[in-house]
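Notes for the structure review
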Amino acid sequence: MTEETLKNMKSADLLNALMSDNTLAFEFDRLGLWQKFYAISWNYLLKNQPHFIDKAKGYSHGWAGLLAIKPDLAQECKCWKEFDSLDWVDLLRFQPQFANKCNKWEAFDGWNWRDLLKSQPQFVDKYNKYDGWEKMDSENWCKLLKSQPQFQVYAVNHSPDSLLHYADKFNK
C-alpha cells in the first residue's frame, strides 16, 4: 500500500488495513496515522488485537477506546480532559460509570446525544441540563425514537410530519 493511499484513508479504512496486515503498524508510526484513529476504531482493534494496547495508551482517542473495553485501567489514564465529545460518546456507551469525568457535555452535537441516548437512556438528565434536545434534528430524532420511543415527549420542536417522513425512510 502506498504512503499516499495510507495518508488519505479515514479511521475505519485504516483500521481495516491494519487488521488485514499488522506489518503496516510500522508505516502508521512513520506517517503518524495512529492520530487518525477514532476511539471506536481503537476499541475494535484492541478487542481483536490486544497487542496494540501499549500503542493505544499514547493517544487520547486510544485511551477512550481502551477504557471502553478495559475500565480497570482508568487509574492509569492521564488524558481525561483531552477526550473530545466523540471519545466520550464512544466510551460512555460502554462504560457509563465514567460520566462524572466528562467535561464535554456542552460540546455534544445532535449525533452525539442521539448515539449515547440510544445506548444509555439514563443520561436523559444530562440532555436536559445541557439542552441536548435543541441540537437534535428530525433525522436524529427518528433514529433515537426507533430504539427509545419513550423520548417522544421531548421532541416538541419537531413536527410529527417531519418525524414520520424520516420514520418511513428508516423503516424500509
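Below is a short write-up of the structure. Quick caveat, the model's predicted, so the values are computed rather than measured. All residue numbers refer to position in the chain's written sequence, counted from 1. Whole-chain, interface and lining totals are the exception, using all residues; otherwise, since this is a predicted model, local features are given only for residues with pLDDT of at least 70 and side-chain atom pairs are given and counted only at 80 or more. The side-chain numbers reported here are obtained from all heavy atoms of the structure, hydrogens and water having been left aside.

**A look at the overall build of the chain**
Where helices and strands are cited, they refer to DSSP runs of H or I of at least four residues and of E of at least two residues respectively, numbered from the N terminus. In terms of helices and strands, the chain carries eleven helices and zero strands. Taken from N to C terminus, the helices and strands of the chain fall in the order α-α-α-α-α-α-α-α-α-α-α. Along the longest, intermediate and shortest principal axes, the C-alpha atoms of the chain span 50 × 35 × 25 Å. Put simply, of all contacts in the chain between residues at least 6 apart along the chain, 42% involve residues at least 24 apart. In these tables, accessible area is a Shrake-Rupley quantity obtained with a 1.4 Å probe, and a residue counts as shielded only by the protein chains included in the view. Of the roughly 9200 Å² of accessible surface on the chain, 50% is carried by carbon and sulfur atoms. We call two residues contacting when some pair of their heavy atoms lies within 4.5 Å.

**Comments concerning the environment of K129**
Of note, K129 is situated in helix α9 (residues 124-129). For the pair K129 and E106, spaced 23 residues apart in sequence, the C-alpha to C-alpha distance is 9.3 Å.

**Topic: the pattern of salt bridges**
What makes a salt bridge here is a side-chain nitrogen of Lys or Arg within 4 Å of a carboxyl oxygen of Asp or Glu, nothing more. Tallying each qualifying case throughout the model produces eight salt bridges. Between E3 and K7 there is a salt bridge, and its shortest N-O distance comes to 3.1 Å. Taken together, the positions of E3 and K7, both in helix α1 (residues 3-7) and four residues apart, correspond to about one turn of that helix. Residue classification places K7 among the partly exposed positions, given a relative accessible area of 38%. To sort residues, take the accessible area from a 1.4 Å probe on protein chains only and compare it with the maximum for the residue type: under 20% means buried, over 50% means exposed, and anything in between is partly exposed.

**With respect to a nonpolar patch on the surface**
Put simply, a patch holds well-exposed residues, over 30% relative accessible area, that have no salt bridge, with like charges counted together within 9 Å and Val, Leu, Ile, Met, Phe, Trp or Tyr side chains within 5 Å. Residues Y38, I40 and F94 make up a contiguous nonpolar surface patch of about 260 Å² in total accessible area. Assignment of secondary structure puts F94 in the loop between α7 (85-92) and α8 (110-119). Taking the relative accessible area as the measure of exposure, F94 reaches 34% and is therefore partly exposed.

**Some remarks on helix α2 (residues 11-20)**
Taken residue by residue, α2 has S11, L14, L15, A17 and L18 as its buried positions. Taken around the axis of α2, the buried residues stretch over an arc of 165 degrees, which confines them to a single face. If you follow the buried residues of α2, they end up packed against α1, α3 (25-31) and α4 (39-48). Picture the helix axis, draw a direction to every C-beta atom, and the arc is the one those directions span.

**Quick word on the nonpolar core**
Inside soluble globular proteins, nonpolar side chains tend to come together where they are buried. The biggest cluster of nonpolar side chains holds 55 residues, and the ones touching the most others in it are W34, L67, F83 and W105. Counting residues per element, this core draws most heavily on helix α6 (residues 60-69), which supplies five residues. Here W105 is in contact with L92, A99, W113, L116, F123, K126 and Y130, once residues within four sequence places are set aside. Take the buried residues of types Ala, Val, Leu, Ile, Met, Phe, Trp, Tyr and Cys, join any two whose side-chain atoms come within 4.5 Å, and each joined set is a nonpolar core.

**Comments concerning the packing of aromatic side chains**
Two rings from Phe, Tyr or Trp (for Trp, the six-membered ring) form a pair when their centres are within 6.5 Å of each other. A pair whose planes differ by under 30 degrees is stacked, one over 60 is edge-to-face, and the rest are tilted. Scanning the model with the defined rule gives 17 aromatic pairs in all. Taken together, a centroid distance of 4.8 Å and an interplanar angle of 55 degrees make the contact between F108 and W113 tilted. Its relative accessible area of 1% is what places F108 among the buried residues. Residue W113 is classed as buried on the basis of its relative accessible area of 0%.

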